Every structure is written in C-alpha cells, then in structure tokens.
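Single-letter residue listing:
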Amino acid sequence: MHRMLLAVVMIVVSAMTSHAITLDEIIAKNIEAKGGMTAMKALKSMRTTGTMTMSMMGGMEMKIKQMIKRSNLMRAETEVQGMNIVIGYDGQKAWMINPMMGSEPQIMDEAQSAEYAMQADIDGELVDWKTKGHTAEYVGTGDVDGSTAYKVKLTTKKGEVRMYFIDAVTFLDLKVESKTEQMGQPVDVEVVMSNYQEVAGLQMPHQIDTRSGGQTMMSLTIDKIEPNVTLEDSLFTVPKN
Amino acid sequence: MKILVLFMATVTCALAQTPSFTSGMFGGVRARSIGPATMSGRVSDIAVVDTNSSRFYVGAAGGGLWKTTNGGTTFKAVFDEYNQSIGAIAIDQRHPDTVWVGTGESWVRNSVSAGDGLYRTTDGGVTWTHLGLATTERISRIVIDPKNPAVVYVAAGGPLWSDGTDRGVYKSTDFGVTWTKILYVNDRTGCADLAMDPSNPSVLIAAMWECYRRPWTFHSGGKGSGLHRSTDGGTTWTRITTGMPEGDLGRAAVAFSPVDPSIVYANIEADSTGFFRSTDNGRSWERRFSGFASNIRPFYFSRIVADPTHKDRIWKTGLNLHRSDDGGTTWSTHAGSAHSDHHAIWVNPADDDHVIMGTDGGVYVSLDRGKTCRFLPNLPLSQFYHVSLDDRRPYNVYGGLQDNGSWTGPSRREGGITNANWELLGGGDGFHVVADGNDPSIVYWESQGGNLNRYDRTSNEARSIKPTPEAGMPDLRWNWNTPIVRPSRRPDVVYTGSQYVHRSTDRGVTWKVISPDLTTNDSTKLRQDEGGGLSLDNSSAENHCTVVAIAESPLDANLIWAGTDDGNLQVTTNGGTTWKNVAANVPSVPRYTWVSYVEPSPHDRRTIFVTLDGHGLGDMRTYVVRSTDLGSTWTMLDTTGVRGWAHVVRQDPVRADLLYLGTEQGLYVSFDRGVSWAAFRNGMPPVAVRDMVIHEREQDLVLATHGRGIYIIDDLDVLRAVTPASITSDLTVLPSKPAVRRVSGSAGSWFNGDDAFIGETVSTDAAVWYYLRDRHMRGKFEILIMDAAGNTIRTVPGSPRRGINKVELPLRRKAPATAASDAGFAGGSFIGPLIAEGTYTVELRKGTDTVRTSMVVVTDTIYKHSPADRQMQQRLVDSLYALNEELAVTVARVRALRDTLSARLADSTLSESLRERLTSVRDTAAAVNNSLVNSKVGFVTGEEQLRERLATLYGEVNGFLGRPSEAQIVLTGVLAKRVTEGTARVEGMVGAEMNLLNQDLRSAMMRVVVIEPRASTYKRLTGR
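Residues numbered from 1 in each chain as written. Chains lettered and ligands numbered in written order. Predicted model: local features only at pLDDT ≥ 70, side-chain atom pairs only at ≥ 80, totals over all residues. Heavy atoms only, no water.

Enquirer: So what about the overall build of chain A? Which residues, and what values?
Expert: Across its full length, chain A holds four helices and 13 strands. Taking all 241 residues of chain A together, the buried fraction comes to 49%. For chain A, the proportion of contacts with a sequence separation of at least 24, taken over those separated by at least 6, is 42%. When the accessible surface of chain A is summed, it comes to about 11,600 Å², and 57% of that surface belongs to carbon and sulfur atoms. (Helix = DSSP H or I, 4+ residues; strand = E, 2+ residues; numbered from the N terminus. Buried < 20%, exposed > 50% of the residue type's maximum accessible area, 1.4 Å probe, protein only. Contact = heavy atoms within 4.5 Å. Areas by Shrake-Rupley, 256 points an atom, 1.4 Å probe, with all protein chains shown as cover.)

Printed below as a string of structure tokens:
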C-alpha cells in the first residue's frame, strides 16, 4: 500500500514538474505577475525618486530622480553638492551633462546609449520583444541566490545580450545579467531586484542592487514612484545651450 | 481518492519542510580567488578566430575555458558551471560564435582530470549545451566540416584508467544531436588526433592510440595504435602501413598542410619515434627526422601545426616550441623564455610571425615567430596540490603546483593580491610546502619524488633534508606527491613518508623512522624503471607502494594515522611503536584503493574521517568513511549528489557536524556530519579541490585547487551558526564578528593597465549576517543602525536572498551636508565620520517583522593611538562636521536670496529704482556666496573658498584616527570664525537687509521676497 501510494505520488509530482515550460508561457506569466498587460499599457509615465548607496565608498549616498515616459524617453538626475548630473535618452541616443566636465551636453555613442535604451523601455524589454526587434530564447533554469529562476536570453535589436532570471515561483524578475561600460571598459554586471510593491496596479521593485563579481557595488533604494505624471518631451531631448 | 489527496498533501508538505541546504543558500558566504596567476597553469588547447586574432579561447587542464576579445589583455572564464578539464576546442570559423568544447584533457599525465563529454555554444560562450559523449572521459580533437558545419568529428581518447568501448572517432551530421562511432579499434585504443584535408573534407586521418594508466604504471603503445585514413567522411577506413615505423606504435600527431594538402605531416611514437611526411595526401610516408624534437615524451607533447603559409614549415610542441622550415628534416628550438612543456600552438594564417603557445605554465604570445614571447599574466589556472598556512597577521598561504614549483603569498592585502606579492620558494613540481612552526621564515618544500628541502627566506640558504635509509634498510620509495606534515598544535615536529613514516624534531637535520613498511610492498607495482611503454618515462609520477597521507591527532600526539597509495590505512596509538592496518575493516571500498586523506577528528580522539580515491583503478565513486572507534568499524558516508573522486575531508574544529569535502569536481559542505552535502559554488567553479586547511584564529577555510589557484572562505563562523536548531524563524540573525573601525591611508595601486591579475582580498567592512527561509520579494526590507540613545545613524537596504545573507554596514555616519556650488565638488566631505566605539543596535525591518541584534564597534588594534587622542580626533571631526553643515545652510540661504532676486528681476513692471535696489542686493548676495564657495567654472581652477578649505580640513582629520595636528586644531578655529562671520553676514542679508527691501516692495505694492526659514533649511539638508 505504502509503496503504491508513493508511486502514485511520484507520478503526480513528476507530471506536475515535467511539463516543459515555453518562452511564451514564461513571458505571459511574467507580465501577469507584474500586473497584466492592461495595467502595463495604462502606465504612460513615471517619476522615481530614491537613494543610491555606493558600497565601495564608505556607503556614500546620492539622491537620484528618474523620469520615464512612453515611448522610450528617459531622464535621470543625480544631485551631488548642488551640482546636478543629468543623463537623458531621447528614444535614439543618450546624452549627459556632467557639470564637472562643462555645461555642454555630451552625446553618447551607440554602445553607451544602449544601457539607457533598456531603462527607457517603460514596459521592460521582454514585453512585445518581437515587435521591438529583439530576439528572446528560453535557455533553461538557473539559480539566483538559492531561488530557482527561468533564464530568458534576450538579444536586443542592436545585438546586446542580456540574461533575464525570472522567479519560478512568483514569475517576477529576480535578476538581469548584462554588460555595461565603466570608463570605456566592458564590465559584467548583475542587477538584482527585490522589495516589490504595487504602483498603479503594477508590481515594481523598490530595491535594485547592482553586483559585479558577486559583490554589491551599488544599491538603489526607491522611496517613491509616481505614475502617470506630466513630463514635457523637452526634458528628454538634448538641451540646446 | 480523498485520502490519497490528503496523503499526498502531507507528503508534499513534509518534503517542503525538510531543512535541506542547497548550493544557492550559501548566499553571502563566498569563496574569494586570490590566484595567483603569476605561474598560471597547464593549458591543454587554444582556439583562435582566424579572421580576428584578438578573439581566442584558452582551454585549461583543470581551470576551465577562458575567452579574450582583446588579444589577451583581459580574459573571462566562460565555462564555470561545467567540467573544468578541457580537452579540445574548435571554433566554427564561418560562425565564430559557435564553439565546440570537448572536456577531459588528452595530455594524460598522472594528475590528469576526467571530462564529461562535449559542449557547444552558439553565442560566444554565454550559454552552453551538452551534446553527449559523456562517458568518453577525454576528447583530444574536434573537427568541423568547413563546408557543412552540421558535420562534426570527435576524437575521443576514452577512459584512461579502465578498459572499455567508449572511445574512438565519433561523427555527427546534425550539429551533435546524434552520434555514430565511426572508428573503433579495441578497448584500450582511443583517438589521439584527427586531421581533415582542408581541400576535401571527406579525407580524414585518425591517429589511434593504445594506452592506459594505473596508479603504478603508464603504458603508451600497442597493437591498437596506428594511423587510419578515410576518403569517404569516415564511413570506411584503411590502416596506413606504407612508410610507417617498425613494430608497435604509440601516440601520433597528424596535420595536413593548408598550403598544399597533398603534404601531410605526422609525429609518430614507436620503438624508433620519428617525424614523418607524406606527399600523396597521406597514403604513403617517409621518415624525415629522429631526435629530441620528435621523441620527447610523445604522450605529453603530440601536437603539430602545419604552417598556414609555408608548406615546408611545421610547428611542434615539446619541452619547448620546436619548428622545422624544411619539411621536418631539421628542427630548431624557440620560445626559450616561455615555460617548458608545450601543449598547444596556434599560428596566425594572416601572419605566421604571430604564434600563440599553451604550456604547463600558461599562455605566451610571440610576434617574431618564436624568437621572443610575452607571458599573459592574467590566467589564474594555477594547479596546487596542497596548501598550508602560517600564523602571521595577515597569515600567508604556502603551496606547491604541477610543474610550477613552491610558492607563498599573502592571504589578504589592501588593494588586492597581485602576482608580485607571491614569492617563489622552490622549483620543479611542487606539492607540500610548510612553514616552520616556530619561525615562518624557515620553509620546508619538495620537488617530485620526495626531494625535501629547507629554505631560509631571510638568508636565502637552501639545504636538502631528504631522509636516507637507516642502516640495513632497503631503498626508500617516495611518491610523486610526498607528504610533508607539521601538526598544527606541535610546532617542533615534521613528518614525511616513504614506505615508512619519518619524523624530525630538528627541522629535518635528523629523521627517525617510526614505522615498519606500511605499504603492500607489492613487487609487481614497483617497476617504474620500466614504465612508459614505447618511450621510457620514469619521472617518479608512477612511484607506488608509498605513504601518501599522514596526520597526527590534534588531541593525542601519540595517535598517528597513515594512508598509502596502495590502499593501506594504518594507525598507531603509541607514537609509532606499533601500527595496525585497519584497511580491511573499511566496508564497500575495493581493496588497494588509494587513501587520499586522513583527518583525525579535532573533537574526539577515537574518530577519524578518511577519503579514498579509486579513480586510478577506474573507480570514480566518492568515498568518505568515518570511524569512531580508532578504525575497528567504519561508516560509509552517503555521498549521493557529490561528483568527483575524493581528495580531502576536513571536520570543522568548532562545530563537529560541519564537514568540508574536496573532490575532483569541487567543494561540498555537509551541515549534518555527512548525511547530506551541498555543492559550494559561490565564487568558484567545480574545480578539483586537492587540499584544504582551516585557519583557526581567522576562522577561514583555505582551498588548494588544481586549476584555479587558492580560494579562501572567510566566514566559517557564519556556517557554524547555521543549524536546524538555530534556524527557528523566517528571519534568523546569525552571529557577526565585531565591527572594526579602520581608515585607509594607502595610496592604492598605480596604473597597471588591464592585464594585471588582482586576487580578491577580504572585505573588512562591518556586516550583519542573517538567514532567510525564503527570498524576500515583496515589501520593504531595511536595516537600521541605532546608537545607545535610540537614534538612527544609518539605514541600509536589506539583502533578499534565500539562505545566508550578508549586508555590509557602513561604520560611518552620512556625509555632512555640504554647501552647494555651481563649480565643482568639495571632495573632502564626501565621506562621513566613523561612528564611535561602543555597542549599537542593528534592527532588521522586513515587512512587518522586526528583529534586533547588537553590534560591537571597536577600533583596529593595529592603531596605537591613546583613547584620549582618539577622542580628540572624534571631537574635532564632529566640530568640523557641524561647521560643514552650518555653512551648507548659510550658503543655501544666500543662494536662495540671490536666485529669488534674479527671478524677480525678470519682472518688466519693476520701477527703475527698485530694479537697482534688487540688483544691488542680488549682486551682494552673489558676492557673499562667491566668498563662501567656489564659483569659477572649470576643471582646474585652483580656487579654494571657505567651503573647500573646510571640506579639505574635515577630510584630513577624518582620515586619521589619532590626535589631530596643532595646525589642524588652529585652522579649525580660524575656519569656524569665518563660518560664524559668514553666517552672520548672510543672516544680516536675509534679515535686516531683506526687511528693508521688502518695505520698499510693499510701498510699491509688490510681493515681498520670502526665503525659507533657517530651521527648515537645516532640516531639509541634514535630515535632522
């Protein structure tokens, strides 16, 4: 009797687990977990304020404000001692004003712009990836800090490769592995998301940690996300001096 | 049915609640790689993108696969989740992001690892797919049909230590989905090399090789060896006979000339090993050369490369890099400054002056056809056999490596551990390296075959201390990897082992044999002088019937354990007077299985853990056994889920349930005394862990890996705290080390470029450790540091991992609010002051859970400052902090006035007189602002106003924990006065002057000017 029961259990359990999940299912569940496509598309803009803690520099903190507007517009402001470092993305290219290097906006090249293009995508890159010209591929499960995750490899239209780790339980984003540039050098980074809270019907991470080589380099703690605020397009275009 | 469902629910629930610790849950406990890369390690293959020589892959014997896209300036390990022993790499040159990797090195020296099949990436190494051939154990070559990349041939050597059919040439026509064995000779003959006619992919030549290893012998050559040729893509084969050497053959290497494929070259091991050439596409052959470049250790150096541009030029691996420019008749030797023992060569098809070499000591690049070469110093492939430590602060790491001598280096160093921080102690192959227990400048080291030496690092004197037979004794037998053991708690004693155990109490000047022959002394396993097969090879690598593991019980100096390579496990309880062989009592382990490690328990003198390693007899199981009665009875520990033969087991000296197991496939940790094991992968790949040692003072576990150097796990205290009893809630705080106040005055590193290897040093930041049953996904999670009065000093985000979490706690208050400026930063005030010594509360707020723990903050004892001086520094920093903030508020107010007035001046309805009034006050405000903070815009202005002077002074005082200088104290007074004056001036402006101005505005029936009150500005800027 015992043995038979166990066999039944094994069959049922394996039936539950052996169904091979597909890319479309993962992305559909990911969108659903975040609040669904309707809520997602209803979000036209958002303004996020938070504190960036630099682990490497004695826990130095900086206030950060980021604005995103559909479609593909982004502006981030970091204030340090009264000076404002501004990075913008106008849907095509990224620019920066670093007062230490003068008041002229500097236009970033395509490689540098790519990182901001990702941030400017208000829905996230996995949503409508086909229409956006990216390619996505489910490449199996992986472990993120002891949690099982589905790995989705996204190759953007411009050829950058990013690995999304989607929690197998909640279907929320756990981590994104990508390449970034620091002083012109490619660096592999992991961006780990947690502290999800609901904003305008959407689950949004309020803690975003950037790790490199397994160590946390920067922690962004989000204080507030304001959905659907009015943001002029001029905020995002390259300022004319 | 209902009952069934209920039952199932119960079962599932029970399963879910079982506290099983899995790999990912180690979380914040990481292994840090300290390298070194200075000697690098054995490279088995190199593959380069033909059209872009900056992009290449390096395959290591035991250290995985590395990729560079910049000619070797930087490398990235791209295979760290998989088997670390690389046999062959092949790039699909038409699709260079498609790379095939065969695991299992084919340079089958005694210490070689084993692979687990074939892998392919189609995205340059981001993701890999396993494509079978898992049981072939080693892959020597992968050949892709250049016209149809779905067609791939694999040369598999097959199992080295056992006979079997998983070897030969395999072919796939569907990108590796299915395989057909297309050439098989016998159960000891695999394929050592495979070449394809570049002009006709149907023509193949396979070098079949009969060889085997056992722990006591190596044999290359036999009837199965030979060259086979196919002209139909491997469907049929013909054994080549015309022009072949007489008698049995051994290992051969073969290559078609890309310039003229009718020419084929081969180096063929035989009774008379030689270099051969065919001018008819491989049908018939003629001997061109016999000599050192050809006959040097064919099993280890059998790779030839036909030059891509000169048909008579051939490159060959050997003790050095060898080259012939006349079709193999005469040979020259190159790359003399490179490490000896070459295994891989790549020659640039666009420029054959450009050669990349893989050796026993890493990768070298030549740009002048081998005349000179450059070492790539950033591949940490170092292959340690053993590791030991000293008690210095910081402690040092000692160890010996495959063909790379004996070394020592620091366990930590500010700025990281560089290649230059490692010191070479001895040459040859290195194994055990042990510092003297009383004087760490005296070091014992050895080269292969028991050549023990003692080296004085102070005087640079070295002397041999190899024991010799006592009167009437037979010759001593020394293992390749002879033990040198110093008991951790008895500094005067050193042990070594031949077939006997030897002990010295006078630093090796005299040795006493304290045992009989402890081995089987089996004469059939003592014929190393006949070893090698066709080519005599007696390097001591196959020396057998020797003692290889010795350990004295940390609880009883008379209790000594010894394990032998031929399966004996011996114990004495009377310091060596009598010995007892307890091997026969160990159940389920085949007789003669190599005893790889003996670990007497540090908790119980009757308990011993032993690892046994049967791989040399073809038995790959992981054996860990335990006895609790001095070896009378044994328990085999369940190693389900553990991969790789066992090299070493250590029992934690504090928590007896905690075991560390090193196998050929990585590190495993058991929290339940060996009932279950979790693979430890945090920061390290599944690399062979050959030895481990625990630093009891520092609570560190130090690992010797055979392919990726030394790793250190700094946080054993945290692992010790993770027990089923301690994990009682969703969020459990684990004990943390005291938080240590430190400041760094180090100048850091200079501009090294990108090719410097920098080993990871330990983080000295304070940290809180805790265990989460589940990942924190939703809701706030923050960690507060509070002082005794309950004031929150800092808030940092929590870490959300399932399992063990580490959150570094800044021991600094926030940086002071600093006056704003339009012209640059005041860098001195970026960093807050260290918090005072004392006891703090750390509060973890996770959703609705709140858990508190305390944190003791002390100052590093390395500083010799008196408490009074430290307090003085703290007070001065606090005053300067307050001054920075006062100035910040003052400046904010004068800027507010200036900017408000500027805005009002835009009003066109202003009367001329009012405009003049406003302009005048605005200009005064601007002038006052510019006297308080920098205003000249530019990168190097040299300007330094009050804000900048104050910030600089604050930064200086903040950066030194001792008594501030008189100059700093005096300057603080001067600047404080200026802050007071500045504040008075600004308050005058926003007070009386602004009131007068507002009266005028009121008279003109206009809005008055309003500035935010000082208290509110203060709160806004400082958060207090």
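After presenting the structure, the write-up continues.
Enquirer: Can you lay out the side chain of E552(B) for me, pointing to particular residues and giving the numbers?
Expert: All names here are of chain B. Its place among the elements puts E552 in strand β45 (residues 547-553). Of the polar contacts made by the side chain of E552, one reaches the side chain of R490; its length is 2.6 Å. Here E552 is in contact with P487, R490, V493, Y495, A557, L559, I560 and P600, once residues within four sequence places are set aside. (Polar contact = N/O pair within 3.5 Å; in protein donor to acceptor, adjacent residues only side chain to side chain.)

Enquirer: Could you give an account of the packing of aromatic side chains, naming the residues involved and the relevant values?
Expert: Following the criterion strictly, the structure yields 28 aromatic pairs over all chains and no others. The interplanar angle of 40° and the centroid separation of 5.0 Å between the aromatic rings of F79(B) and Y82(B) together place this pair among those described as tilted. When its relative accessible area of 22% is taken as the criterion, Y82(B) is described as partly exposed. Each residue in the set F21(B), F26(B), F671(B), F680(B) and Y771(B) is aromatic and connected to the rest through ring pairs, giving one cluster. In this structure, K175(A) packs its charged tip against the face of F165(A), placed 4.5 Å from the ring centre. (Phe/Tyr/Trp six-rings, centres within 6.5 Å; stacked < 30°, edge-to-face > 60°. Lys NZ or Arg CZ within 6 Å of the ring centre and 35° of its normal.)

Enquirer: Mind laying out the sheet that holds strand β27 (residues 342-347) of chain B, listing which residues take part and the relevant values?
Expert: Residues and elements named next belong to chain B. The sheet built from four strands is open, its strands ordered β27-β28-β29-β30 with antiparallel pairing. Each edge of the sheet is formed by a strand with only one pairing partner; in this case those strands are β27 and β30 (374-375). Across five bridges, β27 lies against strand β28 (residues 355-359) in antiparallel orientation. Across the sheet, the residue bridging to V347 is V355, located in β28. (Pairing = 2+ DSSP bridges.)

Enquirer: How would you explain the interface of chain B and chain A if you had to name every residue and give the values?
Expert: Of the residues lining the interface, 45 residues belong to chain B; the matching set on chain A comes to 48 residues. Across the chain B/chain A interface, buried area totals approximately 3,800 Å², and carbon plus sulfur atoms make up 56% of it. Considering only the side of chain B, the residues that lose the most area to chain A are R775(B), M777(B) and F825(B), jointly responsible for 18% of the buried surface there. Counting across the interface, chain B meets chain A through six salt bridges. (Buried area = accessible area lost by both parts, 1.4 Å probe. Salt bridge = Lys/Arg side-chain N within 4 Å of Asp/Glu carboxyl O.)

Enquirer: An account of the confidence of the model for chain B is requested, with residue identities and associated values reported.
Expert: On average, residues of chain B carry a pLDDT of 94, and 98% of them reach 70 or more. In the model, residues 1-19 of chain B has pLDDT below 50 throughout and makes seven contacts with residues more than four positions away in sequence or in other chains. (pLDDT = per-residue confidence, 0-100.)

Enquirer: Run through the nonpolar core, naming residues and quoting values.
Expert: M46(A), M74(A), Y116(A), L126(A), V152(A) and M204(A) are the most contacted members of the largest nonpolar core, which has 52 residues in total. No other element matches helix α2 (residues 23-34) of chain A, which puts five residues into this core. With residues up to four places along the chain from it excluded, the contact list for Y116(A) reads M74(A), I87(A), Y89(A), A94(A) and M108(A). Ranked by size, the runner-up nonpolar core spans 36 residues in total, among them L880(B), V891(B), V928(B) and V990(B). (Core = buried A, V, L, I, M, F, W, Y, C linked by side-chain atoms within 4.5 Å.)

Enquirer: Please provide a residue-by-residue account of the pairing of strand β54 (residues 659-663) of chain B, values included.
Expert: All names here are of chain B. Within β54, five of the five residues are buried, which leaves the element mostly enclosed by the surrounding structure. Here β54 shows no split at all, with L659, L661 and T663 on one side and Y660 and G662 on the other all buried. Two elements, strand β53 (residues 646-651) and β54, share five bridges in a ladder whose sense is antiparallel. Within the sheet, the bridge partner assigned to R650 lies in β54 and is Y660. Looking at chain direction, β54 and strand β55 (residues 666-670) are connected through five bridges and run antiparallel.

Enquirer: Now, about helix α5 (residues 912-932) of chain B: what can you tell me, with residues and values included?
Expert: Residue and element names in this part refer to chain B. Taking 1.5 Å of rise per residue, 21 residues should cover 30 Å, and α5 covers 30 Å from first to last C-alpha, within 8% of that figure. Among all positions in α5, only L914, L918, V921, A925, A926, V928, N929 and L932 are buried. The arc that holds every buried residue of α5, seen down its axis, measures 165°, which confines them to one face. In α5, the exposed positions that point more than 90 degrees away from the buried face belong to E912, S913 and E916. On its buried side, α5 packs onto α4 (867-904), α6 (946-958) and α7 (966-1003). (Expected span 1.5 Å × (residues − 1). Arc of directions from axis to C-beta.)

Enquirer: Help me get a handle on the environment of D774(B), residues and values and all.
Expert: Counting through the fold element by element, D774(B) comes out in the loop between β63 (766-772) and β64 (781-786). In contact with D774(B), not counting residues within four places along its chain, are R801(B) and R802(B).

Enquirer: Before we move on, could you go through the packing of α4(B) against helix α8 (residues 1014-1022) of chain B and cite the residues and values that matter?
Expert: Residues and elements named next belong to chain B. For the pair α4 and α8, the least separation of the axes is 9 Å and the interaxial angle reads 120°. It follows from the interaxial angle that α4 and α8 lie oblique. α4 and α8 meet at a crossing whose hand is right-handed. Between α4, through E885, E886, A888, V889, T890, A892 and R893, and α8, the contact on the second element is made entirely by R1014, T1017, Y1018, L1021 and T1022. Here the contact of α4 with α8 is composed, by residue class, of five nonpolar, three polar and four charged. (Axes fitted to C-alpha atoms, helices over the stretch in contact; angles between N-to-C directions. Parallel < 35°, antiparallel > 145°, perpendicular 65-115°, else oblique. Left-handed = near helix turned anticlockwise from the far one by under 90°. Nonpolar A, V, L, I, M, F, W, Y, C, P; charged D, E, K, R; others polar.)

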